[in-house]
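These are the residues of each chain, in order.
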Amino acid sequence: MIRHLLSAADLSHEEATLILDTADEMARLTEGRAVKKLPTLRGRTVVNLFFEDSTRTRTSFELAAKRLSADVINFSAKGSSVSKGESLKDTALTLAAMGADGVVVRHSASGAAYRLATSGWISANVLNAGDGTHEHPTQALLDAFTLRRHLGDLRDRDVVIVGDVLHGRVARSNVLLLATLGARVTLVAPPTLLPLGVENWPCEVTYDLDAALPGADAVMMLRVQRERMNAAFFPSAREYSRRYGLDARRFSSLPEDAIVLHPGPMNRGMEISADVADNERSVIVEQVTNGVYVRMAVLYLMLAGSGTGSAGGEDAA
Amino acid sequence: MSRHLSGFRTVLSEDEINRALARMAHEVVERNKGASGLVVLGIPSRGVPLAQRLTARISSVEDIAVPVGALDVTMYRDDLRLRPARALEPTDIPDGGVDGKTVVLVDDVLYSGRTIRAALTALDDVGRPRAVRLAVLVDRGHRELPIRADHVGKNLPTSLRESVRVLLNEVDGQDAVLVGATADAHPAPEAHLAAGEEEAR
């Protein structure tokens, strides 16, 4: 099994399927149980290293680790040595000295997780929980898990991803993972919010949302970060909403059983209207629940065993 | 009759497995004074089809439907750290749960007892059964924990160098219990555990 989870592109079809199947079992092992806890990672320490604020992702990882009986340390930039100017390297060395087995890292710089995993500073397994505008692989896994629960096998399914692809790491991870799983992905965004080189991604790209919706099995709306509006990526919030927002009219043009996803937090009235967000075919709240199962699966597969051996697992001695 | 694996000899044929299961079904019912309040849980992988066969026989003897399911113990094993993480097998607790019921755990081979220890811990998190009993097709001895089976298909004295293979129609396309001297391809969870020691010899 993988030693570090840095990019959705690192996962083969087989590995991704193993993670999703394991997440299915995690759901079955905790849903409706009197004791929602498994002893599997007892004695292991997981550090949540968050250089960027993210209550949602951090609590999801924290809950996942705690459900597996791991000890969890939350290390956030605010109020820690990081805000006093400590470098990523020194923070990593500190964590290594504390004996962390797994490090979940969120950083504003693309590649921070890769640096942490390959620098030799720490021997812990590294999980990328979002690095800059690069990737957020567990988000893609939980989206794929949610899609799979509703659509079954994702091979040849049509998934439309709408919104800020330029700044959003969710889009990149999703495109890569869904392509691995055999789905057809269409990205929809204004030209200003598409990154350079998007034509080389394994997906279709269009500027026209209305044309993409009728054939979709699922639509994933990405959050438009308000801070982007001042940077003139689009003329006004209202114009963005009119052209790229999912409202009741557009929702009705979707096939009957298509579902709506959103990684959260939502801007109601901006990229998604309130009635669509609250529709029963919107699975946004379920995505949060599924996030815990998927993260349990990843933590289990990365931390429970003896390590891959080749990379020198912590049990090597 | 059985596919011949080199170095393996057949110790239970298809007919003998069926007779053993029939006797075990009667034993379970006798011990429980009927089939009410029973829940049968198989331990993956080969414990699950065995549990289904045992349950079908119990149900036909007593003419009531007995709930049957599966209990994966991977997350509760004591040797997780000794080898790479493995894929989980399905856990399926029947509706109605296990609270206040008599749970019959079913596995193919009883060996070190560590799988059953893990199963008992797993059962703790599912609920609180009134009693837990253990039915195994083969008891090959060499216990490492104070655990014994209530219902045994066949007691099979073995040496530590031997390996026991249970083949079932549902999984392997034929029914047979084989014993051989080779150390590879241990089908039973207990055998997996001891395999590490054996292979390290």
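Residues numbered from 1 in each chain as written. Chains lettered and ligands numbered in written order. Predicted model: local features only at pLDDT ≥ 70, side-chain atom pairs only at ≥ 80, totals over all residues. Heavy atoms only, no water.

So, about the domain arrangement of chain A. All names here are of chain A. As assigned here, chain A comprises domain 1 (8-136 + 289-303) and domain 2 (137-287). Using C-alpha coordinates to define each centre, domain 1 is positioned 25 Å away from domain 2. Listed per partner, the contact involves 35 residues of domain 1 and 29 residues of domain 2. Summing both partners gives a buried area of about 2600 Å² for domain 1 against domain 2, and 57% of it is carried by carbon and sulfur. Broken down residue by residue, the surface that domain 1 buries against domain 2 is led by L20, H136 and N290, which jointly contribute 27%. Counting across the interface, domain 1 meets domain 2 through 5 salt bridges. For D24, the salt bridge is made with R148, and the minimal N-O distance between the two is 2.8 Å. Here domain 1 is connected to domain 2 by 18 residue pairs in polar contact (both at pLDDT 80 or more). Looking at the side of domain 1 that touches domain 2, the elements with two or more residues in it are α1 (13-30), α2 (55-67), β3 (102-107), β4 (125-131) and α11 (284-303). (Domains from an automatic or database assignment. Contact = heavy atoms within 4.5 Å. Buried area = accessible area lost by both parts, 1.4 Å probe. Salt bridge = Lys/Arg side-chain N within 4 Å of Asp/Glu carboxyl O. Polar contact = N/O pair within 3.5 Å; in protein donor to acceptor, adjacent residues only side chain to side chain. Helix = DSSP H or I, 4+ residues; strand = E, 2+ residues; numbered from the N terminus.)

Once that is clear, we can look at the sheet that holds strand β9 (residues 259-261) of chain A. All names here are of chain A. Reading across from one edge, β7-β6-β5-β8-β9 is the order of the 5 strands in this open sheet, with parallel pairing throughout. Looking at the sheet topology across the chains shown, the edges are occupied by β7 (204-206) and β9. In this sheet, adjacent strand axes meet at a mean angle of 20 degrees when their direction is disregarded. Where strand β8 (residues 218-221) meets β9, 3 bridges bridge the pair, whose relative direction is parallel. Directly across from V219, in β9, lies its bridge partner V260. (Pairing = 2+ DSSP bridges. Axes fitted to C-alpha atoms, helices over the stretch in contact; angles between N-to-C directions.)

All right, on to the packing of helix α1 (residues 14-32) of chain B against helix α2 (residues 47-62) of chain B then. Residue and element names in this part refer to chain B. At their nearest, the axes of α1 and α2 sit 9 Å apart, and the two run at 60 degrees to each other. Judged on the interaxial angle alone, α2 and α1 are oblique. Both α1 and α2 take part in a crossing whose hand is right-handed. Residue-level inspection shows I17, N18, L21, A22, M24, A25, H26, V28 and V29 of α1 in contact with α2, the latter providing L50, R53, L54, R57, I58, V61 and E62. Looking at the contact of α1 with α2, its residues break down into 11 nonpolar, 2 polar and 3 charged. (Parallel < 35°, antiparallel > 145°, perpendicular 65-115°, else oblique. Left-handed = near helix turned anticlockwise from the far one by under 90°. Nonpolar A, V, L, I, M, F, W, Y, C, P; charged D, E, K, R; others polar.)

Across the contact, 18 residues belong to chain B and 24 residues belong to chain A. When the buried area of chain B at its contact with chain A is split by residue, M75, R81 and D125 of chain B rank highest and sum to 39% of it. For the pair chain B and chain A, the number of links is 0 salt bridges. For the pair chain B and chain A, the interface holds 4 residue pairs in polar contact (both at pLDDT 80 or more). Classifying every residue of the side of chain B that touches chain A gives 11 nonpolar, 2 polar and 5 charged.

All names here are of chain A. Per the UniProt record, "binding site: L-aspartate" (unreviewed entry) is found at K84, R169 and R223. A maximum C-alpha distance of 30.8 Å shows the annotated residues, which cover 140 residues in sequence, to be distributed over more than one spot. Tracing the backbone shows K84 in the loop between β2 (71-76) and α3 (88-98). Relative to the elements of secondary structure, R223 occurs in the loop between β8 and α8 (237-244). You can call R223 partly exposed: its relative accessible area is 28%. Ignoring sequence-local partners within four residues, the contact set of R223 consists of D164, H262, P265, N267 and E271. (UniProt positions renumbered as here; feature names shortened; annotations may be inferred. Buried < 20%, exposed > 50% of the residue type's maximum accessible area, 1.4 Å probe, protein only.)

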